[in-house]
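Survey of secondary and tertiary structure
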Amino acid sequence: MSRLLVLAAALAITTGAAFAHDSQLSDPQIAHIAYTAGQIDVDAAKLALAKTKNAEVRDFAELMARDHAAVNEKALSLVKRLNVKPEANGTSAGLTKQAAQAEKRLRKLSGAAFDRAYVANEIAYHRTVNQALSTALIPGAHNGELKALLESGLALFTAHQTHAEHLAQTVK
Amino acid sequence: MAPLPSRRSALLTIGGTIIALVRPARAEPRSHAVLIDKMKFGPMPSEVRVGDSISWINRDPVRHTATARDKSFDVDLPASTEGRCTVTRAGAVDIICRFHPGMTAKLAVLP
């Protein structure tokens, strides 16, 4: 299976419609997908901060907003230094579309129902992105510095996934 | 034969040397380093004594802390920075990152 198909399959777990049209991802496309994935989680965290009244969910959302913004800042300075222009592609468009649907669903909820749905979404979303990172984005990256940043991102997002799984036990 | 005061002085010198060998002066405080990379504390240094310092080197793109659970130190580590603390308490110290609950380590501090 090509890397792209693996990525599409990984994203399809929760995004369903996410697939790309090219046979191999380029570094500018990988950078765009990674940045988009980070920005989606920052936006989800902002929504949670506006809606939740649960202190633990708030702490988690603050961490997500800060960590993902920090990684994206590093990614931006890296692509600038490498003179790489992130390139929009079908996979990042699919992620954005699915995120918009998730946001619409979450906006309708409040209280404990929102907290549960937000945390469940965070678990599923991080799992999807981690699978994409390990099966497609990291193996597909050509530039060593981009690959290293994606590897740090995978370690971070894996820790976030575990964190969210523990949090889910307390927001039942 | 040497006069008595000299002999006494020599004996005192020898005695002092023996005492110095048996009980060496307190070693100078040492500096140690711990690397933080990919959401993990690297290996903890051995032979850390009270008064020594530890440099915490954060290689991750996100902010961490090196925090002693017993509150004896709490070092804020913004992304890609280093921070230093002095070790003040002997014993086994549990170390955590206040932001990332999966990051833990154990530091053994000698008196």
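Overview of the overall build of chain B
When helices and strands are tallied, chain B shows one helix and nine strands. For chain B, the N- to C-terminal ordering of α and β elements is α-β-β-β-β-β-β-β-β-β. Put simply, chain B has 111 residues, and 22% of those count as buried. Counting only contacts in chain B whose residues sit at least 6 apart along the sequence, the fraction spanning at least 24 positions is 44%.

Section: the sheet that holds strand 8 (residues 91-96) of chain B
Two pairing modes exist for strands in a sheet, parallel and antiparallel, and in both the strands are linked by backbone hydrogen bonds. Residue and element names in this part refer to chain B. Pairing in this open sheet of five strands is mixed, and the strands run 3-9-8-5-6 from one edge to the other. Across the chains shown, the open sheet's two edge strands, defined by having one partner strand only, are strand 3 (48-49) and strand 6 (74-77). One ladder, built from two bridges, connects strand 3 with strand 9 (residues 104-110); its direction is parallel. Residue pairing in the sheet places valine 48 in a bridge with valine 109 of strand 9.

Overview of the environment of leucine 146 of chain A
Residue and element names in this part refer to chain A. Looking at the secondary structure, you find leucine 146 in helix 6 (residues 144-170). Distance from leucine 146 to glutamate 122, taken between C-alpha atoms, is 24 Å for residues 24 residues apart in sequence. Setting aside chain neighbours within four positions, we find leucine 146 in contact with Asp27, Ile30, Ala31, Leu78 and Ala141.

Let's talk about the interface of chain B and chain A
Buried accessible area, meaning the area lost when the parts come together, often serves as the stated size of an interface. Opposite the 11 residues of chain B that make contact, chain A presents 14 residues. When its residues are assigned to classes, the side of chain B that touches chain A shows six nonpolar, two polar and three charged.

Some details on the confidence of the model for chain B
Across chain B, pLDDT averages 86, with 77% of residues at or above 70. Note on the complex model: pTM 0.82, ipTM 0.82.

With respect to the sheet that holds strand 4 (residues 53-58) of chain B
Residues and elements named next belong to chain B. An order of 2-1-4-7 is seen for the four strands of this open sheet, with the pairing classed as mixed. Either end of the sheet is taken by a strand with one partner, and the two such strands are strand 2 (40-41) and strand 7 (82-86). When strand 4 meets strand 7, the two strands line up antiparallel, connected through five bridges. Looking at the pairing, serine 55 lines up with arginine 84 of strand 7.

Structural notes on the environment of asparagine 121 of chain A
All names here are of chain A. Here asparagine 121 shows up in helix 5 (residues 111-140). In this structure asparagine 121 comes out as buried when scored by C-beta crowding, with 20 C-beta atoms within 10 Å. Measuring from C-alpha to C-alpha, the distance between asparagine 121 and histidine 160 comes to 12 Å, with 39 residues separating the pair along the chain. The residues touching asparagine 121, leaving out its near neighbours within four places in the chain, are Ala44, Ala102 and Leu106.

Topic: the confidence of the model for chain A
Any segment with low pLDDT has predicted coordinates that should not be analysed in fine detail. Across chain A, the average pLDDT comes to 90, with 87% of residues at 70 or higher. Low pLDDT, under 50, characterises residues 12-22 of chain A; the predicted model gives this stretch 28 contacts beyond four residues in sequence or across chains.

With respect to the packing of helix 2 (residues 27-51) of chain A against helix 4 (residues 90-107) of chain A
All names here are of chain A. Relative to each other, helix 2 and helix 4 sit at 10°, their axes nearing to 9 Å. As the angle between them shows, helix 2 and helix 4 are arranged roughly parallel. Residue-level inspection shows His32, Ile33, Thr36, Ala37, Ile40 and Leu47 of helix 2 in contact with helix 4, the latter providing Thr91, Ser92, Leu95, Thr96, Ala99, Glu103 and Leu106. Partitioning the contact of helix 2 with helix 4 into residue classes produces seven nonpolar, five polar and one charged.

Regarding unusual backbone geometry
Residue and element names in this part refer to chain B. Phi angles above zero are rare outside glycine, and lysine 38 is one such case at about 50°. One can find lysine 38 in the loop between strand 1 (31-37) and strand 2. Of the residues examined, lysine 38 has 16 C-beta atoms within 10 Å and is grouped as partly exposed. Phi angles above zero are rare outside glycine, and methionine 39 is one such case at about 65°. Mapped onto the fold, methionine 39 is located in the loop between strand 1 and strand 2. When the 21 C-beta atoms within 10 Å are taken as the criterion, methionine 39 is described as buried.

A look at the nonpolar core
Core analysis: the biggest nonpolar cluster contains 54 residues, and Ile30, Ala34, Leu133, Leu137 and Leu150 of chain A have the highest contact counts within it. Elements with a contribution of two residues or more to this core: helix 2, helix 3 (55-81), helix 4, helix 5 and helix 6 of chain A together with strand 4, strand 8 and strand 9 of chain B. Among the elements that take part in this core, helix 5 of chain A stands out by supplying 10 residues, more than any other. Each residue touching leucine 150 of chain A, except ones within four places of it in the same chain, is listed here: Ala34, Leu133, Leu137, Ile138 and Ala141 of chain A.

Criteria and thresholds
Residue indices begin from 1 for each chain and proceed along its sequence in written order. Labels follow written order: the first chain is A, the first ligand is 1, and so on. Selection of residues for local features in this predicted model requires a pLDDT of at least 70, selection of side-chain atom pairs for listing and counting requires 80 or more, and totals for whole chains, interfaces and linings are taken over all residues. We count a stretch as a helix when DSSP gives it H or I for four or more residues in a row; a strand needs E for two or more, and each element gets its number in order from the N terminus. Each residue is classed by its C-beta neighbour count within 10 Å, where at least 20 other C-beta atoms makes it buried, 12 or fewer makes it exposed, and intermediate counts make it partly exposed; the C-beta atoms are placed from backbone geometry. Here, residues touch in the contact sense if the C-beta positions derived from the backbone fall within 7 Å of one another. Each pair of strands is called paired provided DSSP finds at least two bridges between the two strands. By the convention adopted, Pro, Cys, Tyr, Trp, Phe, Met, Ile, Leu, Val and Ala count as nonpolar, Lys, Arg, Asp and Glu as charged, and the other residues, Gly among them, as polar. What pLDDT reports is the predictor's confidence in each residue, on a scale of 0 through 100. Only C-alpha atoms enter the line fits that serve as axes; for helices the fit covers just the stretch in contact. Angles between N-to-C directions range over 0 to 180 degrees. For classification purposes, an angle smaller than 35 degrees is called roughly parallel, one larger than 145 roughly antiparallel, one from 65 to 115 roughly perpendicular, and anything else oblique. For this entry, the nonpolar core is defined as buried Ala, Val, Leu, Ile, Met, Phe, Trp, Tyr and Cys residues connected by C-beta atoms within 7 Å.

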